[in-house]
Amino acid sequence: MGPKLYRYNERFELENGAVLPRLDIAYHTFGTLSPKKDNVIWVCHALTANSDVADWWPHTVETGKFLDPDKYFVVCANMLGSHYGTTGPLHVNPSTGAKYYSTFPMITVRDVVRCNQLLAQHLGIRHVEMLVGSSVGGFQVLEWLISQPSFARKAALIATCAKTQPWAVAFNESQRMALETDPTFGMQRDDAGMKGLATARSIALLSYRGQPAYDKTQQEQDEEHRLTGFRASSYQRYQGEKLCRRFNAYTYYRYTQLIDSHDVSRGRHSIAKALSKIKARCSIVAITSDIIFPICEHEVLYRYIPDSTLHIIRSDFGHDGFLIEHEQLDAIIKKLLKS
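Because the structure is predicted, anything quoted here is derived from the model rather than measured.

Caption draft 1: Structural context of the nonpolar core. Within the largest apolar cluster, 76 residues are counted, with the highest numbers of intra-cluster contacts made by Trp42, Leu80, Leu131 and Tyr252. Trp42 has contacts with Val75, Ala77, Asn116, Leu119, Ala120, Leu123, Ile125, Val128, Met130, Leu131, Val132 and Trp144, leaving out every residue within four places of it along the chain. With 28 residues, the next largest nonpolar core counts Val53, Phe66, Met130 and Ala156 among its residues.

Caption draft 2: Examining helix α3 (residues 136-147) more closely. Between its first and last C-alpha, α3 extends 17 Å over twelve residues, near the 16 Å set by a 1.5 Å rise per residue. Most of α3 sits out of view: eleven of its twelve residues are buried. By the burial criterion, the buried members of α3 are Val136, Gly137, Gly138, Phe139, Gln140, Val141, Leu142, Glu143, Trp144, Leu145 and Ile146.

Caption draft 3: Focus on the packing of helix α5 (residues 194-209) against helix α7 (residues 231-244). Here α5 crosses α7 at 120°, and the two axes come no closer than 8 Å. In terms of axis orientation, α5 runs oblique to α7. In this structure, α5 meets α7 at a crossing whose hand is right-handed. Contacts between α5 and α7 involve Met194, Leu197, Ala198, Arg201, Ser202, Leu205, Leu206 and Arg209 from the first element and Tyr235, Gln236, Gln239, Gly240, Glu241, Leu243 and Cys244 from the second. Here the contact of α5 with α7 is built from residues that sort into eight nonpolar, four polar and three charged.

Caption draft 4: The arrangement of unusual backbone geometry in detail. If you check the backbone angles, His59 has positive phi at about 60° while not being a glycine. For His59, the position within the fold is in the loop between α1 (53-56) and β6 (73-77). Phi is positive for Ser135, close to 60°, though the residue is something other than glycine. Its place among the elements puts Ser135 in the loop between β7 (128-134) and α3. Note on Ser135: relative accessible area 8%, which makes it buried.

Caption draft 5: Local environment of the pairing of strand β4 (residues 23-30). Burial runs high along β4: eight of the eight residues are buried. With burial as the criterion, each face of β4 is covered, one bearing Leu23, Ile25, Tyr27 and Thr29 and the other bearing Asp24, Ala26, His28 and Phe30. In this sheet, β4 lies alongside strand β1 (residues 4-8) in antiparallel orientation, the contact comprising five bridges. If you follow Leu5 over to β4, its bridge partner there is Ala26. When β4 meets β6, the two strands line up antiparallel, connected through four bridges. Bridging across to β6, Phe30 finds its partner in Val74.

Caption draft 6: Highlighting the environment of Phe12. Here Phe12 shows up in strand β2 (residues 12-13). Among the residues examined, Phe12 registers a relative accessible area of 1% and is labelled buried. Considering only alpha carbons, one finds Phe12 and Ala198, 186 residues apart in sequence, at a separation of 32 Å. Apart from the residues within four sequence positions on either side, Phe12 is in contact with Ala18, Val19, Leu20, Leu23, Leu80, Asp111, Arg114, Cys115 and Leu118.

Reading the values: the criteria
Residues numbered from 1 in each chain as written. Predicted model: local features only at pLDDT ≥ 70, side-chain atom pairs only at ≥ 80, totals over all residues. Heavy atoms only, no water. Core = buried A, V, L, I, M, F, W, Y, C linked by side-chain atoms within 4.5 Å. Buried < 20%, exposed > 50% of the residue type's maximum accessible area, 1.4 Å probe, protein only. Contact = heavy atoms within 4.5 Å. Helix = DSSP H or I, 4+ residues; strand = E, 2+ residues; numbered from the N terminus. Expected span 1.5 Å × (residues − 1). Axes fitted to C-alpha atoms, helices over the stretch in contact; angles between N-to-C directions. Parallel < 35°, antiparallel > 145°, perpendicular 65-115°, else oblique. Left-handed = near helix turned anticlockwise from the far one by under 90°. Nonpolar A, V, L, I, M, F, W, Y, C, P; charged D, E, K, R; others polar. Pairing = 2+ DSSP bridges.

Below you can see the structure in the form of structure tokens.
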């Protein structure tokens, strides 16, 4: 089933001062909202995902799992700037009558969260039982918990951080450089920059998985006499082409900038002071082999969020472990829901 659409017909001012004349927000819901509206779990999705949580997060939106649609009303809004229905680069700018493409302004996590808050207001949801987000979704959850401390009773912060560090920025800059080398990037076309996008995705995968995952999954089945055509090579190309079939280069470029700008302390004195505002009971979940947001970044969250616990998922699959280690994750989050 496709997403629902909420149209906000007023001007939407971004954190950097740019203005979108109007705003479309695509979203999915699962389950039934209780009469008291007290059974809501709000999911904030990661970078290239969408609002259909059941589509990209295996074994979560199922009976008996932590996003059980028989118990909870699960909501996920598509991120601002996305390729999946919410206003983004391939939307028409009402002010010009033409698609935004490269003119779509830079956005931040705080802009995305304000879109979520507009949708929550539209749906009449004043409080949720839990906010949950992994990676960039975790960025959103943190900003929401800080900007609206009474909104969530509980929160799951998975494979995320309080501030993007230079290591992650360097990966993102390399991806932007790849996009910029594509001679079609900047053209007013839906398919602009596709070769650059495929290369950028290949770079990103190295940070999402890391050596243990590649060595475990991409070994040659027949190594004798092999000089070319390696399995890891075909995997990189396949993943790049796969993203090109479902995404666009302009959104991807803006999203790398969104990641780089993430800093909960901006305008709030310090990370410690920002995180101290959080009132929700938080489960912080790190992955042993995550090289993009390592355990030490989660220890910062644990140190400064008042009511929090730190959990470590053991996995060889790096940052992508939050998509794969669903059994470990399910046990942690169900324990939080019962607390």
